[in-house]
Amino acid sequence: MDAERTPSAWSGPALALGIATVGWNFGLGLTHIVLPLYAAHIGLDPLRIGTVLGVPVLLQLLLGLYGGAAADHWGGRNILMQAALTLALGGVACIFARDFWSLLAAQLFLTYSRGVFWPASQAIAAALPGERAVNLGRLNTLMSLGQISGTALAGVLVLGFGYGGTFGVFAGIATVALLAAACLPKVARAAGHGAALGAHFGPLFRRRAIWFALLTSFLCAQPVSLAQSFFPILLRDLGFGEGAIGPLMALRPLGAAAATLLLARALGSRAGLPLAVGAGITLAALLYAAPLGAWLPTTSALIALIGVASGMLLLYYQLIVANAAPPQARGSALAIGGMGWGLSHLTGPFFIGVIAQQLGLPAAIQCWAGFTLLLALALLPAYRWARADAVAAP
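Position labels on residues start from 1 in each chain and follow its written sequence. It should be noted that, the model being predicted, local features are given only for residues of pLDDT at least 70 and side-chain atom pairs only at 80 or more, the latter also being counted only at that level, while totals for whole chains, interfaces and linings use all residues. Water and hydrogen atoms were dropped before computing side-chain values, which therefore reflect all heavy atoms in the structure.

1. Here's the deal with the packing of helix α14 (residues 296–324) against helix α15 (residues 330–337)
Step number 1: For helices, the axis comes from a line fit to the C-alpha atoms of the stretch in contact; other axes are also lines fit to C-alpha atoms, and the angle between any two N-to-C directions lies between 0 and 180 degrees. A run of DSSP states H or I qualifies as a helix once it reaches four residues; a run of E qualifies as a strand once it reaches two. Both are numbered from the N-terminal end. At a closest axis distance of 9 Å, the pairing of α14 and α15 adopts a crossing angle of 140°. Regarding the angle of α14 to α15, the classification is oblique. Two packed elements cross with a definite hand, and for α14 against α15 that hand is right-handed. Here α14 contributes Tyr317, Gln318, Val321 and Ala322 to the contact with α15, which in turn contributes Arg330, Ala333, Leu334 and Gly337.
Step number 2: Partitioned by chemical class, the residues of the contact of α14 with α15 number five nonpolar, two polar and one charged. For this classification, under 35 degrees means roughly parallel, over 145 means roughly antiparallel, 65 to 115 means roughly perpendicular, and everything else is oblique. Crossings are sorted by hand: turned counterclockwise from the far helix by less than a right angle, the near helix makes the crossing left-handed, and turned clockwise it makes it right-handed. Pairs of residues are marked as contacts when any of their non-hydrogen atoms sit within 4.5 Å. Under the scheme applied, nonpolar residues are Ala, Val, Leu, Ile, Met, Phe, Trp, Tyr, Cys and Pro; charged residues are Asp, Glu, Lys and Arg; polar residues are all the others, including Gly.

Structure (structure tokens):
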């Protein structure tokens, strides 16, 4: 049986999805490093940097819901192509951004892409043949590999080509992702896909498991929100050069990739909840320790462990959603659960920017670490509340 399943794992739709995922996430990882550094480079203060990175997420919250509903209604392939196209356009727009307003405008393209990519790609992966936990784990690993490449090369590209050239490379890789997404076959839609756009949201919002997944996704997105906003600036303030910041930040998705590869089946079992709670508590402790030192080995280990903890939480919330929703509503369910990511990207950069204006960036990140700890401890009562509704969760 294993021999029969192995060829299908990396052929046809799975291969096209893999290439599109790696390419899209390469661009995403690049922006995590380059965009906040570029905002600081053109002279924006911490509050405006937080605004540029956080305010567009208000739109991303709605776009995430649209992306999930559209994936159910028109198919994940079409929405994945839109995500890659707008990512490429965002890279081009960043080349010409010279001030707060033009950079904010460029962020709108990136915001649309981020809003619709996640539910579309996750819905496609959840529908692939084979064990769902393994398929979603493989998708997350490819996401991490793409982000590792983007973040690791970000500083090198900036040093070699400048910010404009780096954004040009970013747009080119996003175009490769667009071509790969176009190679995905058009899949015949199952019964229930003919419902009106957004028709699945009402029943899904009444499922407690979906709300529990939303809380978990909000928690797991905290390191990503920091990685694409103030963490590169923190590393710079700690004394790391631009050439070192990229490789250091690449350790976060590397840790996430290791977690999803090694712990996929465990997170899909009854051990998932204690593993998720432990990961959340560990994540809070690591974020608190992040500003305390600038020794390369300890900083490297800390960032890698942050990735492990967030990767565990990511796969856990995806499995909750995928198991709680019927196939014809899976894109919408993943979009609702993924709203936690959008809320994190909105609140994290904005409030950290506000606190940093008063107390400094290290203290602001440590304050947010305390909030992260409260979220992790809230998972236990939230899980009991969700189970009381008799909705399946791993």
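2. Here we look at the packing of helix α2 (residues 13–41) against helix α6 (residues 100–126)
Step number 1: Where α2 meets α6, the closest approach of the two axes is 11 Å, and the angle between their N-to-C directions is 150°. By the angle between their directions, the pair α2 and α6 is classed as roughly antiparallel. As α2 runs across α6, the sense of the crossing is left-handed. Each of Leu17, Thr21, Trp24, Asn25, Leu28, Thr31, Leu35, Tyr38 and Ala39 in α2 lies in contact with α6, whose residues at this interface are Leu103, Gln107, Leu110, Ser113, Arg114, Phe117, Trp118, Ser121, Ile124 and Ala125.
Step number 2: A breakdown of the residues in the contact of α2 with α6 according to their chemical character gives 12 nonpolar, six polar and one charged.

3. What to know about the environment of Trp118
Step number 1: Position of Trp118 relative to the elements: it lies in helix α6.
Step number 2: Look past the residues within four positions of Trp118 in its chain and what remains in contact with it is Trp24, Asn25, Leu28, Met143 and Gln147.
Step number 3: Here the side chain of Trp118 touches Arg114 through a polar contact of 3.4 Å, landing on its backbone oxygen. We define a polar contact as two N or O atoms separated by no more than 3.5 Å, with the added condition that, inside protein, one atom must be a possible hydrogen donor and the other a possible acceptor, whereas residues neighbouring each other in sequence contribute only through side-chain atom pairs.

4. A closer look at the confidence of the model for the chain
Step number 1: Of the residues in the chain, 90% have a pLDDT of 70 or more, and the chain-wide mean is 82.
Step number 2: No element of the chain has a lower mean pLDDT than helix α1 (residues 2–9), which averages 45, and none a higher one than helix α5 (residues 76–95), which averages 91.
Step number 3: Per residue, pLDDT captures the predictor's confidence, and it can take any value from 0 to 100. Note on residues 1–7: pLDDT is under 50 here. Beyond four places in sequence and across chains, it has zero contacts.

5. Here we look at the nonpolar core
The nonpolar side chains of a soluble globular protein tend to be buried with one another.
Step number 1: What we call a nonpolar core is a set of buried Ala, Val, Leu, Ile, Met, Phe, Trp, Tyr and Cys residues that are connected through their side-chain atoms within 4.5 Å. In this scheme, a residue with accessible area under 20% of its type's maximum is buried, one over 50% is exposed, and one in between is partly exposed, where area comes from a 1.4 Å probe on protein chains only. Formed by 130 residues in total, the largest nonpolar core has its most connected members in Leu80 and Phe212.
Step number 2: A per-element tally of this core places α14 first, with 15 residues.
Step number 3: For Leu80, the residues in contact, after removing those within four places along its chain, are Leu17, Ala20, Phe117, Ala120, Ser121, Ile124, Ala181 and Leu184.

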